[in-house]
Amino acid sequence: MKSPIIEVKQLRTSFQTDDGSIPVVNSIDFHVSPGEVLGVVGESGCGKSVTSLSIMGLVDARTGKVEGEILFKGDNLADASEKKMRKIRGNEIAMIFQEPMTSLNPVFTIGQQLTESLRVHRKWGKKQAAVRAVEMLKLVGLGRAEELLKQYPHQLSGGMRQRVMIAMAMICEPELLIADEPTTALDVTIQAQILELMKDLNKKTDTAILMITHDLGVVAEMCQRVIVMYAGRIVEEGDVRSVFQNPLHPYTVGLIQSIPDMRVKKDRLYSIPGNVPKPGSQNLGCQFAPRCAHAMSRCISETPALTNHENGQKVRCWLYEDGKGAGIHDSAIS
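All of these numbers come straight from a predicted model, not from anything done at the bench. (Residues numbered from 1 in each chain as written. Predicted model: local features only at pLDDT ≥ 70, side-chain atom pairs only at ≥ 80, totals over all residues. Heavy atoms only, no water.)

## Quick notes on the pairing of strand β4 (residues 64–72)
Heads up, the rule is: For two strands to pair, DSSP has to find at least two bridges joining them. The way it works is that DSSP assigns letters per residue, a run of H or I at least four long becomes a helix, a run of E at least two long becomes a strand, and they are numbered from the N terminus.
Pairing geometry for strand β1 (residues 6–17) and β4, over 8 bridges, is antiparallel. If you follow F15 over to β4, its bridge partner there is G64. Relative to strand β5 (residues 75–76), β4 is paired through 2 bridges, and the arrangement is antiparallel. Paired with F72 across the two strands is D75, which belongs to β5. Linking β4 to β5, which pair antiparallel, is a turn of 2 residues; within it K73 sits at a positive phi near 55 degrees.

Structure representation (structure tokens):
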């Protein structure tokens, strides 16, 4: 086993509101090793993107607070100064954001934005950086690379902009790449091309990838391990094959059951009843209890811990704490 490139320990990110400090990410732990692709899945509002922004040091200190440890090569980024984070961002840790049209600056050319990291972090000259930018554009499958350097974001299609974002993130060969819903805004054909590109870059450069998505198909295609988040907490963790074949937490079972099966004709697709709770609205018990068919009185009053299961997975559920839970998967899927 390789030593983790990043270890997140008891990460808690909260925001100040009129009702006080509200935790959006609540005491989570995970790690990513070099060359590994770790998936983070869950519904919108579960804290996936806030987790990535916390790692990157992009949570506004005026309204948000990041606690815990984010150990990157031994240094705690949670306590790092803005000056230090500027040296790390885009150089050692890079991020692909959800929407390239709002992430790319509309008033600068593609070439100016691509070469900025090299000129700031590597102190390269304009010509040397431009040569590297052309190489990266070709690597992500974009033709006419020299011409693209002179164009602006609005002159490119959505798929081309997303490829530019990947090229920008990879141009300094970061050790960790955070991909926050990198294929959400793209059509299916382009999605497949982008995922294949990221897999190829991962193999060639041994870059660790933190893949944040709500698409379980992307996880199955890309990731070795997966963590499932709900209401700011990790509710299940394990290797992808184990979690998909034998999901333990009722929420994970519901997510997998929500995937359409082309082999079975149904009048109505399955959906998990209820909604994700508003951050801070539940202080006691399991956050999923109001939506769970297996909830007990204990689930309402006591918060379960994330514990190891005998098959190697981790799960946050009282059903397994009590030695029960066998057959949840079978009864839910049948």
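## Brief notes about empty space enclosed by the protein
Quick note on the threshold: Cavity and pocket criteria rest on a 1 Å grid covering protein atoms alone: a 1.4 Å probe that fits but cannot get out defines a cavity, protein on both sides within 12 Å along at least 5 of 7 lines defines an open pocket, and an atom within 4 Å of a point defines a lining residue. Grid points are joined across faces, edges and corners, and a volume is the space filled by probe spheres set on the points. Basically, the charged four are Asp, Glu, Lys and Arg, the nonpolar ten are Ala, Val, Leu, Ile, Met, Phe, Trp, Tyr, Cys and Pro, and anything else, Gly included, counts as polar.
The full count for this structure, using the stated rule, is 3 cavities of 30 Å³ or more. Every residue along the wall of the largest cavity is listed here: H249, P250, C286, F288, A289, C292, H294, A295, C299, C317, W318 and L319. In terms of residue class, the lining of the largest cavity is built from 10 nonpolar, 2 polar and no charged. Approximately 70 Å³ is the volume attributed to the second largest cavity. By residue class, the composition of the lining of the second largest cavity is 5 nonpolar, 4 polar and 2 charged.

## Here's the deal with the state of the cysteines
Worth spelling out the cut-off: The disulfide criterion is simple: two cysteine sulfur atoms within 2.5 Å. Exposed residues in this analysis have more than 50% of their type's maximum accessible area, buried residues have under 20%, and partly exposed residues fall in between, with area computed by a 1.4 Å probe over protein chains only.
Considering all chains together, one arrives at 0 disulfides under this definition. Cysteine C292 is unpaired, with the sulfur of C317 as its nearest cysteine sulfur at 6.4 Å. Among the residues examined, C292 registers a relative accessible area of 18% and is labelled buried. Here C317 is not cross-linked by a disulfide; its sulfur's nearest cysteine counterpart is in C299, at 6.3 Å. Exposure remark for C317: the relative accessible area of 8% places this residue in the buried category.

## Brief notes about the nonpolar core
Worth spelling out the cut-off: In this description, a nonpolar core means a group of buried Ala, Val, Leu, Ile, Met, Phe, Trp, Tyr and Cys residues linked to one another through side-chain atoms lying within 4.5 Å.
Among the nonpolar cores identified, the biggest contains 60 residues, and L114, L137, I166, M198 and M211 are the most heavily contacted of them. Of the residues forming this core, the biggest block, 7 residues, is contributed by helix α7 (residues 158–170). Listed in part, the 30 residues of the second largest apolar core include F30, I178, I227 and M229.

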